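Residue-level structural notes
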Amino acid sequence: TCALPICPLIRYATESLESRTMLAGNVAAVVEDGNLTLTGDEADNSVEVTIVDGDIVVQGLDGTTINGSSDPFVAFVGTTTIAGDFESSLGEGVDTLRLTGPLTITGSTRITDVSGATQVGITDATIDGAVSISTGQDDDGISIAGSTLGSSLTVKVGGGENLVSVFDTTVNGD
């Protein structure tokens, strides 16, 4: 209520703040001598190695860039086989790595992510060499499904509540 003969009109205005998104990281993907190496930074990284039109492609998920670009990185053209080793070290942060086939890795596979919560998924892959997965102190999830591992499988998880699932997978080594 207004006690004056003429009540002033009060107008309120709102102003929008700039939008904010959580920063995703960048993963360096390097092919050298038939080997594929992924190296992440300190931010959250989410990446998938998969087959697209007969090529092996590394693509960022959830805003993660590959080699500084939002475009997928074609690692191997005209093949579904990595003819060497695969190595991934995604760095700090909450990280996700998916290997989604059908793809073949003729060498060994080493996945290391010792800081932050880690999710690793290997689906429909044939890996001829040893497979080693090592995670850190946070809650981690590792899933291997529908795959054939021609040598040994080693999984090392740190503290936290961890889930390791190996389903419909053959391990031919130790």
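Provided above is the structure to which this section pertains.
Report follows, based on the coordinates. (Residues numbered from 1 in each chain as written. Predicted model: local features only at pLDDT ≥ 70, side-chain atom pairs only at ≥ 80, totals over all residues. Heavy atoms only, no water.)

Considerations on the overall build of the protein chain
- A tally of helices and strands in the protein chain yields zero helices and 17 strands.
- For the protein chain, the proportion of its 174 residues judged to be buried stands at 36%.
- Contacts in the protein chain between residues far apart in sequence, at least 24 positions, make up 30% of those at least 6 positions apart.
- A total accessible area of about 9800 Å² is found for the protein chain, and carbon and sulfur atoms account for 50% of it. (Helix = DSSP H or I, 4+ residues; strand = E, 2+ residues; numbered from the N terminus. Buried < 20%, exposed > 50% of the residue type's maximum accessible area, 1.4 Å probe, protein only. Contact = heavy atoms within 4.5 Å. Areas by Shrake-Rupley, 256 points an atom, 1.4 Å probe, with all protein chains shown as cover.)

Observations concerning the sheet that holds strand β10 (residues 109-113)
- Spatial strand order, β5-β1-β2-β8-β10-β12-β15: seven strands in an open sheet with mixed pairing. On the outer flanks of this sheet lie β5 (65-66) and β15 (153-156), each paired with one strand and no other.
- Examined bridge by bridge, strand β1 (residues 26-32) and β5 share two bridges and lie parallel to one another. In the strand pairing of β5, Asn26 is matched with Thr65. (Pairing = 2+ DSSP bridges.)

Some thoughts on the environment of Gly159
- The topology assignment puts Gly159 in the loop between β15 and β16 (163-167).
- Counting along the chain gives 20 residues from Gly159 to Asp139, while the straight-line C-alpha distance between them is 7.3 Å.
- Apart from residues no more than four positions distant in its own chain, Gly159 is found in contact with Gly136, Gln137 and Asp138.

Concerning unusual backbone geometry
- Residue Gly101 is joined to Pro102 through a cis peptide bond whose omega torsion reads 20°.
- Note that Pro102 resides in strand β9 (residues 95-105).
- Here Asp62, not a glycine, exhibits a phi torsion of approximately 55°, which is positive.
- Checked against the element boundaries, Asp62 lands in the loop between β4 (55-60) and β5.
- A positive phi is found at Asp124, a non-glycine position, where the angle reads about 55°.
- Note that Asp124 resides in strand β11 (residues 118-127).

Quick look at the side chain of Glu48
- For Glu48, the location among the structural elements is in strand β3 (residues 46-52).
- For Glu48, which is buried and forms no salt bridge, the nearest opposite charge comes from Arg98, at a distance of 4.4 Å.
- Here the side chain of Glu48 touches Thr100 through a polar contact of 2.8 Å, side chain to side chain.
- Those residues in contact with Glu48 that sit more than four places away from it in its chain are Val57, Val58, Gln59, Leu61, Arg98 and Thr100. (Lys, Arg positive; Asp, Glu negative; His and termini not counted. Salt bridge = Lys/Arg side-chain N within 4 Å of Asp/Glu carboxyl O. Polar contact = N/O pair within 3.5 Å; in protein donor to acceptor, adjacent residues only side chain to side chain.)

Let's talk about the pairing of β4
- Bridging between β3 and β4 involves six bridges; their strand directions are antiparallel. Along β4, the bridge assignment pairs Val49 with Val58.
- From the end of β3 to the start of β4, which pair antiparallel, there are two residues, and Asp53 there has a positive phi angle of about 50°.
- Bridge count for β4 against strand β6 (residues 73-76) is three bridges, and the pairing is antiparallel. Paired with Val57 across the strands is Val74, a residue of β6.

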